[in-house]
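# A structural walkthrough
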Amino acid sequence: MDASTPSRPLPQERTAPAPWHPPGSDTIALVLQGGGALGAYQAGAYQALHEAGLEPDTVAGMSIGGINAAIIAGNPPERRVQRLRTFWETITARRVSLLPPDGDAARKAVNIWSSVLTTTLGQPGFFTPNPVNPWLSPRGTRTATSFYDTTPLRETLLQLVDFDRLNSGAVRYAAGAVNILNGNFAYFDSRGRRSYRTT
């Protein structure tokens with residue numbers, strides 16, 4: 001969804017049937033990729049699975065997919081859809097335009113304005129710009145590795161994820177990240193395994 005799309009209330013969750021597995025399937029795995037706004041689609045796809053009674057035994061993700069996966073694995077099934085909804089409503093709370101734009105030129109202008117706001121102010125509950133640009137930061141300082149500070153995301157996730165539940169392995173959670181010291185991928189698993197892969 002781009003910044004020009006008028007905001008509408010999200011559809012309410014339907015009552016889910018008892019959890020089940022398709023015949024011949026012992027494990028249901030949900031793998032969520034990165035891609036920023038694609039994560040909002042992932043939340044809706046999870047809601048459809050939940051409403052069909054299909055609850056994952058394993059969730060894995062990278063980037064925004066890792067965040068959605070943490071919310072799913074870190075909550076009981078009856079809370080997951082609402083917590084995903086709260087996350088997405090929090091990080092998209094800033095209004096960009098008072099009126100929905102009409103026409104291609106107006107939509108383009110609103111999208112550019114949205115990008116300017118995100119670049120200069122960050123996203124609510126997600127990230128804020130670092131006070132010092134990385135290009136001007138001394139080597140080895142905290143601000144030298146990133147344009148943005150993700151402390152707001154940490155606070156948001158502390159409110160939405162039960163990390164004891166996530167780490168318990170009740171639903172297996174796996175995430176991929178980048179080791180900023182060497183640029184290689186690092187993979188983490190709630191079943192206690194951690195591995196690194198060089199690129």
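Quick notes on the rules
- Residues numbered from 1 in each chain as written.
- Predicted model: local features only at pLDDT ≥ 70, side-chain atom pairs only at ≥ 80, totals over all residues.
- Heavy atoms only, no water.
- Helix = DSSP H or I, 4+ residues; strand = E, 2+ residues; numbered from the N terminus.
- Contact = heavy atoms within 4.5 Å.
- Pairing = 2+ DSSP bridges.
- pLDDT = per-residue confidence, 0-100.
- Polar contact = N/O pair within 3.5 Å; in protein donor to acceptor, adjacent residues only side chain to side chain.
- Expected span 1.5 Å × (residues − 1).
- Core = buried A, V, L, I, M, F, W, Y, C linked by side-chain atoms within 4.5 Å.
- Buried < 20%, exposed > 50% of the residue type's maximum accessible area, 1.4 Å probe, protein only.

Each helix and strand counted, the chain has six helices and seven strands in total. Put simply, of all contacts in the chain between residues at least 6 apart along the chain, 59% involve residues at least 24 apart.

Relative to strand β5 (residues 172-178), strand β2 (residues 58-62) is paired through five bridges, and the arrangement is parallel. Of the residues in β5, the one forming a bridge with alanine 60 is alanine 174. Counting the residues between successive antiparallel strands, the hairpin from β5 to strand β6 (residues 185-189) contains six residues, one of them, glycine 183, with a positive phi of roughly 80°.

Okay, the confidence of the model for the chain next. Taken over all residues, the pLDDT of the chain has a mean of 87, while the share at 70 or more is 87%. Looking over the chain, one finds the lowest element-wise mean pLDDT in strand β7 (residues 194-197), namely 52, and the highest in helix α2 (residues 64-73), namely 97.

On to the side chain of asparagine 68. Considering the arrangement of structural elements, one finds asparagine 68 in helix α2. A polar contact is formed between the side chain of asparagine 68 and the side chain of tryptophan 88, at a distance of 3.1 Å. With sequence-adjacent residues up to four places away left out, asparagine 68 is seen in contact with Leu32, Gly39, Gln42, Ala43, Leu84, Phe87 and Trp88.

Over its 18 residues, helix α4 (residues 104-121) extends 25 Å from the first C-alpha to the last, a length consistent with the 26 Å expected when each residue adds 1.5 Å. Just beyond α4, the residue with positive phi is glycine 122, at close to 85°.

Bringing the nonpolar core into the picture now. Val59, Ile67, Ile71, Ile72, Phe87, Phe126 and Tyr173 are the most contacted members of the largest nonpolar core, which has 27 residues in total. Listing elements by their share of this core, those giving two or more residues are β1 (29-32), α1 (38-51), α2, α3 (77-91), α5 (151-160) and β5. Those residues in contact with isoleucine 72 that sit more than four places away from it in its chain are Leu30, Leu32, Tyr46, Pro56, Val59, Arg80 and Leu84.

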